[in-house]
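# Structure assessment
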Amino acid sequence: MTALLAEKKPATPLERQRKKLSRWNKWGKVVAVIVAFYGIWLVGWEALARSGLWPSYVFPPFTPVLQAIWENMVNGKFPVAILASMKRLLIGYFAALGIGMGLGLIMGRFQTAQTTLGSASLGLQALPSIAWLPLALIWFGLDESAIVFVIIMGVLFSVAMSTSTGIRSIPPQLERAARNMGARGDSMVFDLVLPASLPHIVTGMKQGWSFAWRALIAAEMVYSTVGLGHMLMMGRELNDLAMVLAVMVVIVLVGLAADQLVFERLERAVHVRWGVARR
Amino acid sequence: MAETPKLVMRKVCKIYATEGGEVEALRDVSLEVAEGEIVCIVGPSGCGKSTLLNLIAGFEEPDSGEILIDGKPPGKPGPDRLIMFQEGALFPWLTVVDNVAFGLKMAGYTKEERRALAMAELEKVGLEKFAKNRIHELSVGMRQRVALARALVMQPRLLLMDEPFAALDAQTRDSLHAQLQELWAEQKMTILFVTHNVREAACLGDRVLVMSPRPATMVAERRVDAPRPRYIEDDAVIAAARLLLGDLKKGMEVHQGAGEEATGSREEGGHHGPASSRNDGKERSGREEGAGRGMEVREEGGAGKKNDAQGRMLDPTDPTGRTKEASP
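Remember, it's a predicted structure, so these values are computed and weren't measured experimentally.

## As for the interface of chain B and chain A
Of the residues lining the interface, 21 residues belong to chain B; the matching set on chain A comes to 16 residues. Of all the secondary-structure elements, those providing two or more residues to the side of chain B that touches chain A are strand S5 (81-84) and helix H2 (96-106) of chain B. A per-class count over the side of chain B that touches chain A returns 16 nonpolar, three polar and two charged.

Rendered as structure tokens:
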């Protein structure tokens, strides 16, 4: 189809027009490839599932999954679950941002803190955050705060370490210039150190978000009464595999949307403004 | 002059501890700068000129010797003596006008005051149209003008300039030389200007101090008495620069052959031996020429004596001296 388009419009001598055309061609190609890829995937899935090789409760076709997504959206189960999950996620995420940036600030400014807290952060970062859940359940009980705690532990060290890295990579000249112009204490932190390390911090925030998302779903699967992770386990208990897959699709879509619409843009905007963007 | 000099350094020494051992950056550096004077310090790259400014700005402390600003020790860094850095050291997250207003913000001016003062200063350097731009959108020359505005908006009585125009192309540099002299004529602040470019030093300085390679000592001092504004292609500037070049080359040999004594960077001294012998003649003729144009030539004692005492070292053809230098 794209080849047809290119032939229909002969190349004009005007370069701008040609460029526009080639850009359209490029985009057209990308879209065509993507559509073809998912088309083949879904049609193949449907055909394989309906071939009768496996019972439908083991391997459901694609259409009932789509139907489950639609029904649960309409009957309000998905919106309620998404809202409940989001609430936990946002509370945990922003708490972790605050604590993590404070921790990172201390680690970035004091060498002793970096050698002590920095090594501890590195170690704890290696621990999958769901491993905190048993401890959280004993400390906080069967409560929302247990899940929030798991999310915080998932995000905290990533944000702290990227903040510290950002602070450590501030060119010493900038710090000297600021001191020279009279920056001290608070103003040093808020007018120099934090803005100067924001490109690194934003990268940490983006990474932290994906850690938070994983931690959330994992924690909700083990314990909760409402939320996406809970719906996933409900589907398993009801032997409703279409439902399980529907929840999985929603988890992917929500996670992807946050990453692309919020964090990718935020990171890009900061990097452009700071002049460190790859063009 | 009866009044207190703006800046006095007496026998200042600075030694850095590095992984490879101690590096002596400054040795017995003494200088005096009067209020409202432009003094240029010229020396080879990496000789410790920046260290000198860091000490005056208060980022570091001397190991021995004394620094006095208006008769008092410098203390913590502050906006009374602003440094303008070679790379500008502007803040990429702020707009041009906010960069210029940074020091004012630290000093507690209100937002309106800051904006008005910063805009006025930007106008002086001809960048008012770029007030809202980001730093990375400007050329290197424009950035240095922003850096200049950022320093001058604080109305410092002492301006420390650390090779601020070294990375610029010739035309931009010339226009900044003119601009700097113009702004100085208005505000009459004291300027200590560090450079490795003798022409630049001769163009800008009321006086020029010449430093040796590390460990840096003062090897010569020359007064440049040509009228302002000066341009880099003025005859007087060229003549003065030629004299300075001679001083600089002689300075290369200050530590030569000092052998056990000089532990600093020695590699440069060896290479410059022959060049300086060629230049001895040039320098002599240059000095006569310069005197004719009203150049007052005054050589500082310390370094000169050292050379005299080890007169052999001044002879670049001395093979023993050179081999000693080449293989540390």
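## Considering the sheet that holds strand S2 (residues 21-33) of chain B
All names here are of chain B. Spatially, three strands are ordered S2-S1-S4 in an open sheet, and the strand pairing comes out antiparallel. Edge positions in the sheet fall to S2 and strand S4 (64-69), since each has one partner strand and no second. Averaged over all pairs of adjacent strands, the angle between their axes in this sheet comes to 30°, without regard to strand direction. Of the strand pairs in this sheet, strand S1 (residues 7-18) and S2 are connected by nine bridges, and their pairing is antiparallel. Among the inter-strand pairings, Lys-14 is bridged to a residue of S2, identified as Leu-26.

## Here's the deal with the nonpolar core
In terms of nonpolar packing, the biggest core is built from 140 residues, with Val150(A), Ile151(A), Ala212(A), Leu160(B), Ala202(B) and Leu244(B) touching the most fellow members. Looking at which element gives the most residues to this core, the answer is helix H7 (residues 144-168) of chain A, with 15 residues. Look past the residues within four positions of Ile151(A) in its chain and what remains in contact with it is Arg88(A), Leu89(A), Gly92(A), Tyr93(A), Ala96(A), Ala212(A), Ala215(A) and Leu216(A).

## Some remarks on the packing of helix H5 (residues 111-125) of chain A against H7(A)
When two helices pack together, you describe them by how their axes are tilted relative to each other and by the distance separating the axes. Residue and element names in this part refer to chain A. Across the interface, H5 lies against H7 with an axial gap of 9 Å and an inter-helix angle of 140°. It follows from the interaxial angle that H5 and H7 lie oblique. Of the two elements, H5 crosses H7, and the hand of that crossing is left-handed. Residues Gln-114, Gly-118, Ser-121, Leu-124 and Gln-125 of H5 form the contact with H7, whose participating residues are Phe-157, Ser-158, Ala-160, Met-161 and Ser-164.

Conventions and cut-offs
Residues numbered from 1 in each chain as written. Chains lettered and ligands numbered in written order. Predicted model: local features only at pLDDT ≥ 70, side-chain atom pairs only at ≥ 80, totals over all residues. Contact = placed C-beta atoms within 7 Å. Helix = DSSP H or I, 4+ residues; strand = E, 2+ residues; numbered from the N terminus. Nonpolar A, V, L, I, M, F, W, Y, C, P; charged D, E, K, R; others polar. Pairing = 2+ DSSP bridges. Axes fitted to C-alpha atoms, helices over the stretch in contact; angles between N-to-C directions. Core = buried A, V, L, I, M, F, W, Y, C linked by C-beta atoms within 7 Å. Buried ≥ 20, exposed ≤ 12 C-beta atoms within 10 Å, placed from the backbone. Parallel < 35°, antiparallel > 145°, perpendicular 65-115°, else oblique. Left-handed = near helix turned anticlockwise from the far one by under 90°.

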